[in-house]
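Examination of the molecular architecture
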Amino acid sequence: MMVLISERIKNVKLACSLGFFLLFLSTGCVSHFSQPMTNPGEQQLDAGILGTWYWHKQGESGYIHIGRDITTELLKIAMVELNANDEIKISQWSGHTSMFEDTRYLNLQWVYPEDKRHKGYLIFKYECLKDSFGFYFMKDSVIEDAVKEGVLRGELIKKGSSSSAWVTQDQKKLVHYIRQHHRELYTDFSLLPKLKLP
């Protein structure tokens, strides 16, 4: 059963957590997976995720456009950010949704800027709420510990003082692990309102 927004509002860190995570995305300090939660085309795309979502806080703003790619029949996601220095950054992903009972996941692969280190997936948990798109960032320390302890097959990648995991576990065991540990894996939550045009 879906938890009401008011019960998790303490975990919502709109622009702060989103901006922080986008910085980590740009530096590659997040876990990537060789396998998605489900294969592309295995499940029907979640239409509730389609639309334009935005944020604006502390001098920074951005839009996330999520639509269908008519060529691949997958999702095409484009994000445009305007930071406090009036600099524009554009990112693009392709992906698909995975649903297990009442839990939804978003599997994304970089398109631009291309991540040449990994061709794998980022895996988010998300919720489609009334006129809002809520998504959870994965807690990388949990994945890194799982790799260190041999619970998940993969390797740790060091970059300066930061690290991330490249997980090569087979899909069945990966899905079992994420579903079993999703509450500790996905703790930071951001809520983006849907853009409504006049």
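So, here's what we can say about the structure. (Residues numbered from 1 in each chain as written. Predicted model: local features only at pLDDT ≥ 70, side-chain atom pairs only at ≥ 80, totals over all residues. Heavy atoms only, no water.)

Concerning the overall build of the protein chain
Heads up, the rule is: Going along the chain from the N terminus, every DSSP run of H or I of four or more residues is numbered as a helix, and every run of E of two or more is numbered as a strand. Categorising residues by exposure relies on relative accessible area from a 1.4 Å probe, with only protein chains included: less than 20% of the type maximum marks a residue as buried, more than 50% marks it as exposed, and the intermediate range marks it as partly exposed. Throughout, a residue-residue contact means that at least one pair of heavy atoms, one from each residue, lies within 4.5 Å. Areas reported as accessible are Shrake-Rupley estimates using a 1.4 Å probe. Residue values count occlusion only from the protein chains shown.
The number of helices and strands found in the protein chain is three helices and 11 strands. What you see in the protein chain, going N to C, is helices and strands ordered as α-β-β-β-β-β-β-β-β-α-β-β-α-β. A burial count over the protein chain gives 46% of its 198 residues as buried. At a minimum sequence separation of 6, the contacts of the protein chain that also span at least 24 residues come to 56%. On the protein chain, roughly 11000 Å² of surface is accessible, and the fraction owed to carbon and sulfur atoms is 53%.

Examining the pairing of strand β7 (residues 122-129)
The side chains of a regular strand alternate between both faces of the sheet. To be explicit about the condition: Pairing between strands is defined by DSSP: at least two bridges between them are needed.
For β7, the buried fraction is high: eight of the eight residues fall into the buried class. Residues of β7 alternate between two faces, with L122, F124, Y126 and C128 on one and I123, K125, E127 and L129 on the opposite face, all of them buried. Where strand β6 (residues 103-112) meets β7, five bridges bridge the pair, whose relative direction is antiparallel. Bridged to L108 within β7 is L122. With five bridges connecting them, β7 and strand β8 (residues 132-138) associate as antiparallel partners.

Examining the nonpolar core
Stated precisely, the cut-off is as follows: Only buried residues count toward a nonpolar core. Its members are Ala, Val, Leu, Ile, Met, Phe, Trp, Tyr and Cys residues joined through side-chain atoms within 4.5 Å.
Ranked by internal contacts, the top residues of the largest apolar core, which has 24 residues, are I123, I143 and I178. Where this core is concerned, the elements lending two or more residues are β7, β8, α2 (140-148), β10 (162-167), α3 (171-185) and β11 (186-193). Counting residues per element, this core draws most heavily on α3, at five residues. Residue contacts for I123: discarding those within four places in its chain leaves F33, Q35, M37, Y105, L106, N107, M138, L174, I178 and Y186. Core analysis: the next-biggest nonpolar cluster, separate from the first, contains 23 residues, I64, W93, L108 and L192 among them.

Examining the side chain of T97
Filter applied, for reference: A 3.5 Å cut-off defines polar contacts: any pair of N or O atoms within that distance qualifies, except that in protein one atom must be a possible hydrogen donor and the other a possible acceptor, and neighbouring residues in sequence count only when both atoms are side-chain atoms.
Along the chain, T97 falls in strand β5 (residues 88-100). Residue T97 is classed as buried on the basis of its relative accessible area, which comes to 1%. A polar atom in the side chain of T97 sits 3.0 Å from the backbone nitrogen of D46. Filtering out sequence-adjacent residues up to four positions away, T97 remains in contact with T38, Q43, Q44, L45, D46, I49, L75, Y105, L106, N107 and Y126.

Overview of α3
Three or four residues apart is the spacing at which side chains of an α-helix point the same way, because the helix has 3.6 residues per turn. Definition in use: Between the first and last residue of a helix there are one fewer steps than residues, each counted as 1.5 Å, and that sum is the expected span. Given a residue, its bend is the angle between the two axes fitted to the seven residues that end at it and to the seven that start from it.
The terminal C-alpha atoms of α3, which comprises 15 residues, lie only 17 Å apart, well short of the 21 Å expected from a rise of 1.5 Å per residue. If you look at α3, its biggest bend is around 45 degrees, right at R179. Burial in α3 covers these residues: L174, V175, Y177, I178, H181, H182 and L185.

A short note on the pattern of salt bridges
For clarity, the threshold we go by: The salt bridge criterion pairs a side-chain nitrogen of Lys or Arg with a carboxyl oxygen of Asp or Glu, the two atoms within 4 Å.
This model, assessed by the stated rule, comprises three salt bridges. Between D46 and R104 there is a salt bridge, with the nearest N and O atoms lying 2.7 Å from each other. Of this pair, D46 sits in the loop between β1 (32-33) and β2 (51-57) while R104 sits in strand β6; the two residues are 58 residues apart in sequence, bridging distant segments of the chain. The exposure class assigned to R104 is partly exposed, which follows from its relative accessible area of 24%. The partner of R179 in a salt bridge is E101, and the shortest N-O contact between them spans 3.7 Å. Of this pair, R179 sits in helix α3 while E101 sits in the loop between β5 and β6, and the two are 78 residues apart along the sequence. Relative accessible area serves as the criterion here: at 35%, R179 is assigned to the partly exposed category. According to the relative accessible area criterion, E101 is exposed, its value standing at 75%.

Nothing here speaks to function; it is geometry throughout.
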